[in-house]
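Geometric and topological summary
As a plain string of letters, each chain reads:
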Amino acid sequence: LEDEVEENPEDLVQRPAIVTIMGHVDHGKTTLLDTIRKTRVVEGEFGGITQHIGAYQVSVQSKKITFLDTPGHEAFTAMRARGAKVTDICIIVVAADDGVMPQTKEAVDHAKAADVPIIVAVNKMDKPAANPERVMNEMSDLGLLPEEWGGDTIFVKCSAKQGEGVQDILETIQVVAEMRELKANPKRNATGTVIEAKLDKGRGPVVTLLVQNGTLHTGDCIVVGACFGKVRKMTDDRGREIKEAKPSTPVEIIGLNDVPVAGDMFKVFDSEKQARAIAERRSQTKIEQERKSSSA
Ligand code: GDP
């Protein structure tokens, strides 16, 4: 799956930025993700009751942003450990009344190791004890010097709870994304990464995929980790059925023969026979590896 196809530069088009939110526990990651998701209602984009599929998109200045809705570092680390590179920009949330804490440092380390640009959200600014200067000082000690102090890290003050500054964060993401020139080729067979997967009693394996390159269509033959199948049905982050998904789009699919693992990569093949052969070879290798490690 890792083979890279030569891209014709003419086929490359801009794709939405994929953003992860990290930070210390209770500093406001979930609240920020929820507040951002709600901006869709304000923009009149609301499409009924939102299903949770592990990622969602919002539109900012008529360009989309994809958020991985999996706060916590485990998902990020698990994906990176599997070689998956899914994030373009990392938001690190720091509570202004608490400052840099152990998991803040961890988040900075993860983002640096992954070579992902960081935007610092200085959260809980509505609290009387908020001390943004302290946050800027402590983050500077970790090598993240604020722009206003001559560095190149953008700090945005916000209150995720009250919605204050959240629009600034979204606009800052678009500025950083613009500089990154994030491109993909929607004309090729889709490739990407598993965000979440579970077994549903009625529907079988239900898998959230992030399409990172190419376009995924219903009916496509797909290998996902050591699983395979045909995309029988595809729904977007609002639970609406769709027929195709372009780069940076999260989708939920059914039709696989088994449940893959978050961080597994997927690829579309031209024939089902080929997809099946590759998946079978992989599950064989997996069984052999497991046998080896259990006898060791
Ligand atoms: P997480 O563990 O990082 O996901 O943090 P949560 O989003 O669950 O937030 C932890 C607590 O802080 C909750 O009680 C939130 O309501 C509260 N909280 C989050 N953001 C803000 C904020 O901007 N201002 C205030 N006052 N409280 C906040």
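To keep things clear, this report deals only with the structure shown in the data block. Source: prediction; values computed, not measured.

Tallying secondary structure elements over the chain gives 6 helices and 16 strands in all. Expected size for 296 residues packed as a compact globule is a radius of gyration near 19 Å; at 20 Å, the chain falls within 12% of this value. Expressed as lengths along the three principal axes of its C-alpha atoms, the size of the chain is roughly 60 × 55 × 40 Å. Each of the 296 residues in the chain was classed as buried or not, and the buried ones make up 50%. Within the chain, contacts between residues separated by at least 24 positions form 73% of all contacts whose residues are at least 6 apart in sequence. Of the roughly 14,300 Å² of accessible surface on the chain, a fraction of 48% belongs to carbon and sulfur atoms. Each charge sign in the chain was given a centre, from 39 positive and 46 negative side chains, and these centres are 6 Å apart.

With that out of the way, let us pick up helix H4 (residues 132-141). Turning to H4, its buried residues are Pro 132, Val 135, Met 136, Met 139 and Ser 140. Projected onto a plane normal to the axis of H4, the buried residues spread over an arc of 135° and lie on a single side. On its buried face, H4 sits against strand S5 (89-95), helix H3 (102-113), strand S6 (118-123) and strand S7 (154-157). A positive backbone phi angle near 90° is found at Gly 143, which sits one or two residues after H4.

All right, on to H3 then. Over its 12 residues, H3 runs 17 Å from end to end, which matches the ideal 16 Å to within 8%, given 1.5 Å per residue. Of all the positions in H3, only Thr 104, Ala 107, Val 108, His 110 and Ala 111 are classed as buried. Along H3, the residues classed as buried sweep out an arc of 160° about the axis, all on the same side. The outward face of H3, more than 90 degrees from its buried face, is lined by the exposed residues Pro 102, Asp 109 and Ala 113.

Further remarks concern the pairing of strand S3 (residues 55-60). Among the 6 residues in S3, 6 count as buried, and that is most of the element. Pairing analysis gives 6 bridges linking S3 to strand S4 (residues 63-68), with the strands arranged antiparallel. Of the residues in S4, the one forming a bridge with Gln 57 is Thr 66. Between S3 and S4, which pair antiparallel in sequence order, lie 2 residues; one of them, Gln 61, sits at a positive phi of approximately 55°.

Calculation notes
The written sequence of each chain sets the order in which its residues are numbered from 1. Residues qualify for local features only when their pLDDT is at least 70, as the model is predicted, and side-chain atom pairs are given and counted only at 80 or more; totals for whole chains, interfaces and linings, by contrast, use all residues. With hydrogens and water stripped out, all remaining heavy atoms of the structure feed into the side-chain values. Each helix is a run of H or I in the DSSP string that is no shorter than four residues. Each strand is a run of E no shorter than two, and both are numbered from the N terminus. Only C-alpha atoms enter the radius of gyration; for comparison, a globular chain is expected to reach 2.2 Å times N to the power 0.38, where N is the number of residues. For every residue, the accessible area obtained with a 1.4 Å probe (protein chains only) is divided by the maximum for its type, and the residue is called buried under 20%, exposed over 50%, and partly exposed between those limits. Residues count as neighbours in contact if any of their non-hydrogen atoms are within 4.5 Å of one another. All accessibility values rest on the Shrake-Rupley procedure with a 1.4 Å probe; residue burial counts only the protein chains present in the view. Within this scheme the basic residues Lys and Arg register as positive and the acidic residues Asp and Glu register as negative, but His and the chain ends are omitted. Working definition for charges: the position is that of NZ of Lys, CZ of Arg, CG of Asp or CD of Glu. What the arc covers is the set of directions going from the helix axis to the C-beta atoms. Given a helix with a known number of residues, its expected span is that number minus one, times 1.5 Å. Two strands are counted as paired when DSSP detects at least two bridges linking them.

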